[in-house]
Amino acid sequence: DTGVSQDPRHKITKRGQNVTFRCDPISEHNRLYWYRQTLGQGPEFLTYFQNEAQLEKSRLLSDRFSAERPKGSFSTLEIQRTEQGDSAMYLCASSLPFPGTGVGGELFFGEGSRLTVL
Amino acid sequence: SQQGEEDPQALSIQEGENATMNCSYKTSINNLQWYRQNSGRGLVHLILIRSNEREKHSGRLRVTLDTSKKSSSLLITASRAADTASYFCATDGAAGNKLTFGGGTRVLVKP
């Protein structure tokens, strides 16, 4: 296991279609994060999991977005009825909190899944 | 919303020169981190500085943190063309459970 992997790396879809992205984190990391990044901007937090529990969701995550981490390992991010405004890079990251504190340490990012909605 | 804001938004320097970028944030933090991103790629962690630290070094990188001013700076010394990238600061907030990123500084190092 050499890092966080994301699949697919690129996805082109038509407006109204559903898309799903997968993230495989570093195996011993119990926290997993999803971010969205548009061109020229910094990553925006979408949601994060600790093990299989989804602990926080951003208000950016509309009802069309859903994320799961069923067994506390890989995660999926699904976007239903895609809109052109969903076009972005979707980044996944994993981490381990500092022992005994719960405070997060460094994030290890995947290469991202770039979504283009036509 | 983005808590950290970097300044400048873009920076162009000659190889060998130093590059300095600043980050301001709004709320209390446990730690502040800097990341680098090459075009079209994921982010790579550079350095983490805890709220009780004032300065930290890693190779050609030097980070300072002033919690009273809620600001940090990243200095890259003796820059190389390979340092061309976007640099982001990120803060964890009081809860320390997620990172909020700034808008980034785009650095171009000309050979």
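In the block above lies the structure referred to throughout.
Just so we're clear, the structure is a prediction, and the values are computed from it rather than from any experiment. (Residues numbered from 1 in each chain as written. Chains lettered and ligands numbered in written order. Predicted model: local features only at pLDDT ≥ 70, side-chain atom pairs only at ≥ 80, totals over all residues. Heavy atoms only, no water.)

Trainee: So what exactly am I meant to see when it comes to the pattern of salt bridges here?
Mentor: Here the idea is simple: oppositely charged side chains can pair when their charged atoms come close. Applying the stated criterion to the full structure yields nine salt bridges over all chains. Asp83 of chain B is the partner of Arg60 of chain B in a salt bridge, and the nearest nitrogen-oxygen pair spans 2.9 Å. Placement of Arg60 of chain B in the loop between strand 6 (55-58) and strand 7 (61-66) and of Asp83 of chain B in the loop between strand 8 (71-76) and strand 9 (85-91) is noted, with a sequence separation of 23 residues between them. Each of the salt bridges in this network shares a partner with another, and the network as a whole consists of Arg64, Glu83 and Asp86 of chain A. (Salt bridge = Lys/Arg side-chain N within 4 Å of Asp/Glu carboxyl O. Helix = DSSP H or I, 4+ residues; strand = E, 2+ residues; numbered from the N terminus.)

Trainee: Can you help me understand the environment of Ser28 of chain B in this one?
Mentor: Looking at the element boundaries, Ser28 of chain B is found in the loop between strand 3 (19-24) and strand 4 (31-37). When residues no more than four places from it in sequence are discounted, the contact partners of Ser28 of chain B are Lys70, Gly93 and Ala94 of chain B. (Contact = heavy atoms within 4.5 Å.)

Trainee: When you look at the state of the cysteines in this model, what are you seeing that I'm missing?
Mentor: Disulfide: a covalent bond connecting the sulfur atoms of a pair of cysteines. Residue and element names in this part refer to chain A. With the rule as written, the count across this model stands at two disulfides over all chains. A sulfur-sulfur distance of 1.9 Å marks the disulfide that ties Cys23 to Cys92. Handedness here is read from the sign of the S-S torsion; for Cys23 and Cys92, about -70°, the answer is left-handed. You can see Cys23 sitting in strand 3 (residues 19-24) and its partner Cys92 sitting in strand 9 (residues 88-95), a full 69 residues away along the chain. (Disulfide = S-S within 2.5 Å.)

Trainee: Could you clarify how one ought to interpret the sheet that holds strand 3 of chain A in this entry?
Mentor: Residues and elements named next belong to chain A. An order of 1-3-8-7 is seen for the four strands of this open sheet, with the pairing classed as antiparallel. A strand with exactly one partner marks an edge of an open sheet, and here the two such strands are strand 1 (5-7) and strand 7 (65-68). Each adjacent strand pair in this sheet contributes to an overall mean axis angle of 15°, direction not counted. Note that strand 7 and strand 8 (residues 75-79) share four bridges and pair antiparallel. Residue pairing for strand 8: Phe65 is matched across the bridge by Ile79. (Pairing = 2+ DSSP bridges. Axes fitted to C-alpha atoms, helices over the stretch in contact; angles between N-to-C directions.)

Trainee: Mind showing me how you'd approach the environment of Pro43 of chain A here?
Mentor: Residue placement: Pro43 of chain A occurs in the loop between strand 4 (31-37) and strand 5 (44-50). Distance in space between the C-alpha atoms of Pro43 of chain A and Ala93 of chain A is 11 Å, their sequence separation being 50 residues.

Trainee: Can you help me understand the interface of chain A and chain B in this one?
Mentor: Facing 26 residues of chain A, the contacting portion of chain B comprises 24 residues. Carbon and sulfur atoms supply 48% of the area buried between chain A and chain B, which totals about 1900 Å² over both sides. Contact with chain B buries area across many residues of chain A, yet Pro43, Phe109 and Glu111 of chain A alone supply 21% of it, more than any other trio. Taken together, the connections running from chain A to chain B amount to two salt bridges. (Buried area = accessible area lost by both parts, 1.4 Å probe.)

Trainee: Any chance you could explain the sheet that holds strand 8 of chain B here in plain terms?
Mentor: Each strand in a sheet pairs with another by means of backbone hydrogen bonds, the pair being arranged parallel or else antiparallel. Residues and elements named next belong to chain B. Within the open sheet, the five strands sit side by side as 1-3-8-7-6. Their pairing is antiparallel. If you trace the sheet from one side to the other, it starts and ends with strand 1 (5-7) and strand 6, each paired once. Here the average twist between neighbouring strands, direction ignored, is 20°. Two strands pair when backbone bridges link them, and strand 7 and strand 8 are joined in this way by six bridges, in the antiparallel orientation. Bridge assignment links Arg62 to a residue of strand 8, and that residue is Leu75.

Trainee: Would you explain unusual backbone geometry in this entry?
Mentor: Residues apart from glycine generally show negative phi values, whereas peptide bonds are mostly found in trans. Here the bond from Asp7 of chain A into Pro8 of chain A is cis, since omega is -5°, no more than 30 degrees from zero. When you line up the elements, Pro8 of chain A lands in the loop between strand 1 and strand 2 (10-13). The step from Asp7 of chain B to Pro8 of chain B runs through a cis peptide bond, and the omega angle for that step is 0°. With respect to the helices and strands, the residue Pro8 of chain B is situated in the loop between strand 1 and strand 2 (10-14).

Trainee: How should empty space enclosed by the protein be read in this particular structure?
Mentor: If a probe as big as a water molecule is rolled over the atoms, it shows which places are left empty. According to the stated counting rule, one finds one cavity of 30 Å³ or more in the structure shown. There is about 30 Å³ of room inside the largest cavity. As for the largest cavity, its lining consists of Tyr33, Gly104, Gly105 and Leu107 of chain A together with Gln33, Asp92, Gly96, Asn97, Lys98 and Leu99 of chain B. Per-class residue counts for the lining of the largest cavity are three nonpolar, five polar and two charged. (1 Å grid on protein atoms, 1.4 Å probe; cavity = no way out; pocket = protein on both sides within 12 Å on 5 of 7 lines; lining within 4 Å. Points joined across faces, edges and corners; volume = space filled by probe spheres on them. Nonpolar A, V, L, I, M, F, W, Y, C, P; charged D, E, K, R; others polar.)

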